[in-house]
Amino acid sequence: MNTKLLYVFFALCAVCGLWSCSEDNTSDLQLSGDCMVEAFALDNYEGTIDLASHSIVVRLPEVYETSAMKVTTLTVSDGAACNIAQGATLNMNAAQVLHVTNGETFLDWTVSVLHDEARILSFVINDIYTGAIDQAAKTITVYVPAGVDITTLVPSITYSQNAAITPASGAATDFTQPVTYTVTNNSAMSTYTVTVICIDKPAALFIGSAATMSELDSEAKVACEWMLGNVANSLYASFADLRAGTLDLSDCKVIWWHWHVDGGVDGHDVFVAKATDALDTKNELRAFYENGGALFLTRYATNLPSFIGATGDDEWTTPNNCWGQNEDAAELCGGPWSFRIFDGQNDHPLWQNLIQGDNANEVYCTDAGYHITNSTAQYHIGTDWGGYDSHAAWETRTGGKVLGIGGDGAVVAWEYPAHDGKGGIICIGSGCYDWYSYTLEPGYQENYHKNIATMTKNAINYLTK
Amino acid sequence: MNTTIFSKSNNYLQEYLLPSLAGQRGKRRLTKCQAPRATEAYLLSRGRASWGVGLLLAFCLLSCSDDDFTADPARDWAGTTTFFAPTDEAGFNTYYMPAIGRCGDPMPFYDQKAGEYKVLYLQEYDNNGACYHPFWGISTKDGANYTPLGEVLPTGTSTAQQDASLGTGCAIYNEKDGLYYIYYTGYNVLLPNHEVVMRAISSDFKTWTKDNVWQLKGTDYGYDANDFRDPQIFTAEDGLYHMVIASKLRFAEFKSSDMKTWEHVGSFPMIWDRMCECPDIFKMGDWWYLVYSEGYRAAWSRKVKYMMAPTFDALKACFNDPGANWPKDGHEGVLDSRAFYAAKTASNGADRLIWGWSPYRTGADIHEKNINVGADGEPNWSGALVCHKIIQHTDGTLTLGAVPAMASKYNQAVSANVMESNGYNGGTLSGDDAYVLYKRLGTANHISFTIKTSNNWDKFGISFVRGSDSKKYYTIVVNPEDENHRKVNFEQEGTEGKGFIDAADGYLFERPADNTYHIDIYTDNSVLVLYINDVCAYTQRIYGIQKNCWSINNYGGSVTISDVKVSQQ
């Protein structure tokens, strides 16, 4: 019973205690001070203070070292203090924060720098023809096919943030003569000279499903860019362009299709399912081929000959041993990757002028630090499976000639020589033939990888001779 | 099956089949926020508006005053053996875990000024903010008893800062200028360099000033912009400070005479295509060691390992292709199981201790958690800090053992009553399914006993969470891989058990020549560490150990058990 009385007593005390505290509500907290940054400058470049976002942006010339900048002006509210003092040095490669306190209040201000960059980042005519930009020379070159009226081309231009450009993007312009564009941004200014070159009759085409070259996947785009820069009068065209017949192919000697698919294209049926755009164009491609046009087919495009009559009527002569990885998880090459020149083919034009490695019979393709998808379309040779007991049996059935093989003898490079007025075809399905690495390891030195371009140049020269 | 012996030719398939490790550090599980509990005291303190609550309470007490209470009957813990589902405490004080959140990568160092170890770690929450992983710390003199230091180094406050989030680094005391340094990873995926090495300086280890100017960017030296982390500083043979940094498949090396200006020395490879994290380099006796965490996304990887060599230069050469020069310890330098990661060491001059985190497990109940060890993906990131003592053998190879203070911390002896058995006679277990079940354990336990097997092939195990009615319980099996090798496996046994749990086996070691195994097991809540004869350390997470029975089991042969002791804190 005594305990219960104590409970009552404590409870009443609690009630009284609450009453007695209720009048005492004066606080010692100092909450009235301002924490504003009123003026700020780095290396005497004044910052723009935005009150709403508590941010300060300091604009700098396009080229300006920011890893050690001095705080030359810092004025805060009366009575306030800041964690960074005037005279301090800051690394402004990323933002810094000013922590301003006044009594018990504080505000954090994010300080960042913005370079006055005046660059054209992309230049696309009529939403199709992508210009090649040389940022050092400040020149842009755009190739367009014949039939395009170059007196009223409409460029879409992207350029540095906050910059202005004249003439404006989207304005119809006459490119009969080179046109000068001026980009200005605060302290920065650049002028670019844009030249449009009309290719009446392309000598070579790079083809793909993308409407424009810039929309190609990374692997094909790198290959296509190389072609446009290294093969005279070459153009990118889509399968749709071929079907539409808008291109004059009367001078076109060779068409190159380099087709990458993440995860690979394994066999005839998968090719039929995935290469619908190309197969919709097979009549046009067959006509080109039968009229003497040459084809250079690489990676999964090596399936195409079986569908345009290059292997006779047998459509089931596609590569039977195919695989590949995703571009963004491509395998690291610990050293050079290579495949072998087929016996007796060392003198073939395809293998000339390559950088030699330890073994003169090997074609070295990559260097340590390169990431490769190992995308392969090859023919397994052997009596165990696949239907090609030997290289001779493969040549008999396909009508092709073996040019290169893998370590296990698989056919990884081959040709269908020109005959009876039809064009020649060279196919490279080796996983080593790879143009694009999503990243390169520190210290990467390109050496053997240059052989990819050399091989390609050899193939195009051979097919167009 | 011997999963610790790998061949390089497997790498292609493993990498091809399994996604890249890149970005794993950012992987987080989100769960709901914890709300503060409204206690009576909290309500009473709210002032004028709460006076009614107090009055109500007073009336309530008055009205209840005539009631008689009868206590519920106490549970008979000592006399029963059925399964009970306990929960972990909010924080662990031996295998340290804070009351809220968990420990990420530990960064231990021995503070010679204070005469104690300080272990910094990345503070992880269920719901990290936009800026995450501040460095928190604990101090200890012995690796078994800890004093929390709270937050030591804060993150940035803006997601535009390079150190918006922090990654692993190291703390070090510079005798020359009397200052403490923390070199750390500034982590921000919104910036061109995701990972940059930064630093902060303190004179007292309490107030830290971040250096707003100095940074080490991998791209300035030809390294990857996104993998450039985990700086670790040590003194090399040339008397200079050296810093190693984990970049993409390479270790970068810098040196300094004053711990302020750093000169690029060069780099050395990691093991083929396996990313090695959290490097720690030290000299012990006549040998140089590099302890690292192999972060390959495969069930046999994600373990703490070491390399050893007589010189620092030879140590760097251990990783060279074509073959890694593994320590000659029979298991490629593996130090513990996959339940121990991101470990680094520190020495007080006498002992060298190593701290790593033991991952927490997720699942709907104890059974789901205990087998969710990350076989198909990664174990959960972060957990409780486990500390071992490094044992250096005469040939220079390393194993891990219990820190000496553990035995004295678990000093309350309790009886180990046998509750139930099968095939158990006079200390010997014989035949299939033979076992002896001991009485329920507490929250923190030290179990020790000796087992002698009758021949070179006998197999035995130790089960936890084993009630007499359990259809699933958890066993650490000492399995004969062949006549002369044993491997510690983890199994879910019982009539509904899954058996062998892939990716939780851990440790291959040589069979003791006399077939005698001295076993020491320490537990703190769900963290368990098993040591055998100074040759094997095996950490595991097993939820439900507390308030459940445990057993020693025999599988077909015959084993003799002696000196069974249980003590608690």
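Please read these numbers as outputs of a predicted model, since none were measured by experiment. (Residues numbered from 1 in each chain as written. Chains lettered and ligands numbered in written order. Predicted model: local features only at pLDDT ≥ 70, side-chain atom pairs only at ≥ 80, totals over all residues.)

(A) Up close: the overall build of chain B. A tally of helices and strands in chain B yields six helices and 36 strands. Expressed as a percentage of the 569 residues in chain B, the buried residues total 47%. (Helix = DSSP H or I, 4+ residues; strand = E, 2+ residues; numbered from the N terminus. Buried ≥ 20, exposed ≤ 12 C-beta atoms within 10 Å, placed from the backbone.)

(B) Geometry of the overall build of chain A. A count of helical and extended segments in chain A gives eight helices and 29 strands. For chain A, the C-alpha radius of gyration of 33 Å lies well beyond 23 Å, the compact-globule estimate for 465 residues. With the C-alpha coordinates aligned to their principal axes, the bounding extent of chain A is approximately 110 × 80 × 45 Å. In chain A, which comprises 465 residues, the share counted as buried stands at 40%. (Rg over C-alpha atoms; globule rule 2.2 N^0.38 Å.)

(C) The arrangement of the domain arrangement of chain B in detail. Residues and elements named next belong to chain B. According to the domain assignment, chain B consists of domain 1 (88-406) and domain 2 (412-568). Each of domain 1 and domain 2 has a C-alpha centre, and these two points are 32 Å apart. Counting from both sides, the interface comprises 35 residues of domain 1 and, opposite them, 33 residues of domain 2. Tallied by class, residues from the side of domain 1 that touches domain 2 come to 18 nonpolar, eleven polar and six charged. (Domains from an automatic or database assignment. Contact = placed C-beta atoms within 7 Å. Nonpolar A, V, L, I, M, F, W, Y, C, P; charged D, E, K, R; others polar.)

(D) Main features of the sheet that holds strand S28 (residues 411-416) of chain A. All names here are of chain A. Taken in spatial order, the nine strands make up an open sheet running S18-S17-S19-S20-S29-S28-S27-S23-S24, and their pairing is mixed. Only two strands of the sheet have a single partner each, and these edge strands are strand S18 (234-238) and strand S24 (362-364). Strand-to-strand twist across the sheet, computed as the mean angle between neighbouring axes with direction ignored, equals 25°. Pairing of strand S20 (residues 294-299) with strand S29 (residues 425-428), which is carried by four bridges, proceeds in the parallel orientation. The residue bridging Phe296 from the neighbouring strand is Ile426, located in S29. (Pairing = 2+ DSSP bridges. Axes fitted to C-alpha atoms, helices over the stretch in contact; angles between N-to-C directions.)

(E) Fine view of the pairing of strand S33 (residues 527-532) of chain B. Residues and elements named next belong to chain B. In terms of burial, S33 is a largely internal element, six of the six residues being buried. Where burial is concerned, the two faces of S33 agree: the one with Val527, Val529 and Tyr531 and the one with Leu528, Leu530 and Ile532 are both buried. Relative to S33, strand S32 (residues 516-524) runs antiparallel, the two sharing six bridges. The partner of Asp520 across the bridge, within S33, is Tyr531. For S33 and strand S34 (residues 536-541), the ladder comprises six bridges, and the chain directions are antiparallel. Residue Tyr531 lies in a different strand from S34, and its bridge partner there is Ala537. As consecutive antiparallel partners, S33 and S34 are separated by three residues, and within that stretch Asn533 has a phi angle of approximately 50°, a positive value.

(F) Here's a closer look at the environment of Lys471 of chain B. Residue and element names in this part refer to chain B. Tracing the sequence through the fold places Lys471 in the loop between strand S27 (460-464) and strand S28 (473-482). A sequence separation of 22 residues divides Lys471 from Glu493, and the C-alpha atoms of the two residues are 7.8 Å apart. If near-sequence neighbours (up to four positions away) are discounted, Lys471 is found in contact with Gly494, Thr495 and Glu496.

(G) Looking closely at the domain arrangement of chain A. Residue and element names in this part refer to chain A. With domains assigned, chain A is organised as domain 1 (37-116), domain 2 (120-199) and domain 3 (204-464). Between domain 2 and domain 3, the C-alpha centre-to-centre distance is 34 Å. Contact residues are listed per partner, giving eight residues for domain 2 and ten residues for domain 3. Residues of the side of domain 2 that touches domain 3, tallied by class, amount to six nonpolar, two polar and no charged.

(H) Molecular detail of the pairing of S34 of chain B. For S34 of chain B, a buried count of six out of six residues is recorded, marking the element as mostly surrounded by other parts of the structure. Neither face of S34 of chain B is exposed, since Cys536, Tyr538 and Gln540 of chain B on one face and Ala537, Thr539 and Arg541 of chain B on the opposite face are all buried.

(I) Layout of helix H2 (residues 218-230) of chain A. All names here are of chain A. Over its 13 residues, H2 extends 18 Å from the first C-alpha to the last, a length consistent with the 18 Å expected when each residue adds 1.5 Å. For H2, the full list of buried residues reads Glu219, Ala220, Lys221, Ala223, Cys224 and Met227. For H2, the elements touching its buried residues are strand S17 (204-208), S18 and strand S19 (254-259). (Expected span 1.5 Å × (residues − 1).)

(J) Seen up close, unusual backbone geometry. Of the consecutive residues Thr166 of chain A and Pro167 of chain A, the connecting peptide bond is found in the cis state with omega at -10°. Relative to the assigned elements, Pro167 of chain A resides in the loop between strand S14 (164-166) and strand S15 (179-185). Despite not being glycine, Met259 of chain B shows a phi value in the positive range, around 65°. C-beta crowding within 10 Å serves as the criterion here: with 21 such atoms nearby, Met259 of chain B is assigned to the buried category. The phi dihedral of Asn525 of chain B is positive, around 55°, even though this residue is not glycine. Structurally, Asn525 of chain B can be placed in the loop between S32 and S33.

(K) Quick peek at the nonpolar core. With 144 residues, the main nonpolar core has Tyr96, Ala384, Leu385, Leu530 and Cys536 of chain B as its most contacted residues. The two domains that each donate at least three residues to this core are domain 1 (88-406) and domain 2 (412-568) of chain B. The contacts of Leu530 of chain B, once residues within four sequence positions are left out, are Ile476, Ile519, Ile521 and Tyr538 of chain B. Tyr129, Phe271, Leu350 and Trp414 of chain A belong to the second largest nonpolar core, which has 100 residues in total. (Core = buried A, V, L, I, M, F, W, Y, C linked by C-beta atoms within 7 Å.)

(L) Expanded view of the environment of Thr317 of chain A. Relative to the elements of secondary structure, Thr317 of chain A occurs in the loop between S20 and strand S21 (321-323). In this structure the C-alpha to C-alpha distance between Thr317 of chain A and Tyr379 of chain A, which are 62 residues apart in sequence, comes to 9.3 Å.

(M) Structural context of the confidence of the model for chain B. Residues and elements named next belong to chain B. Residues with a pLDDT of 70 or more make up 88% of chain B, whose mean pLDDT is 88. Predicted confidence for residues 1-64 stays below pLDDT 50, and this span has 64 contacts to residues more than four positions away or in other chains. In the model output, the complex is listed with pTM 0.72 alongside ipTM 0.78. (pLDDT = per-residue confidence, 0-100.)

(N) Here's a closer look at the environment of Ala211 of chain A. Residue and element names in this part refer to chain A. Secondary-structure assignment places Ala211 in the loop between S17 and H2. Accessibility expressed as a C-beta count within 10 Å gives 14 for Ala211, which makes it partly exposed. Note: C-alpha distance between Ala211 and His348 (137 residues apart in sequence) is 35 Å. Excluding residues that lie within four positions of it along the chain, Ala211 makes contacts with Ile128 and Ser238.

(O) Molecular detail of the sheet that holds strand S3 (residues 55-61) of chain A. Residue and element names in this part refer to chain A. If you trace the eight strands from one edge of the open sheet to the other, you get S5-S7-S8-S3-S2-S1-S4-S6, paired in mixed fashion. In this open sheet, the two edge strands, each paired with only one partner strand, are strand S5 (81-82) and strand S6 (89-90). As paired elements, strand S1 (residues 37-42) and strand S4 (residues 69-76) share five bridges and run antiparallel to each other. Bridging across to S4, Leu42 finds its partner in Val71.

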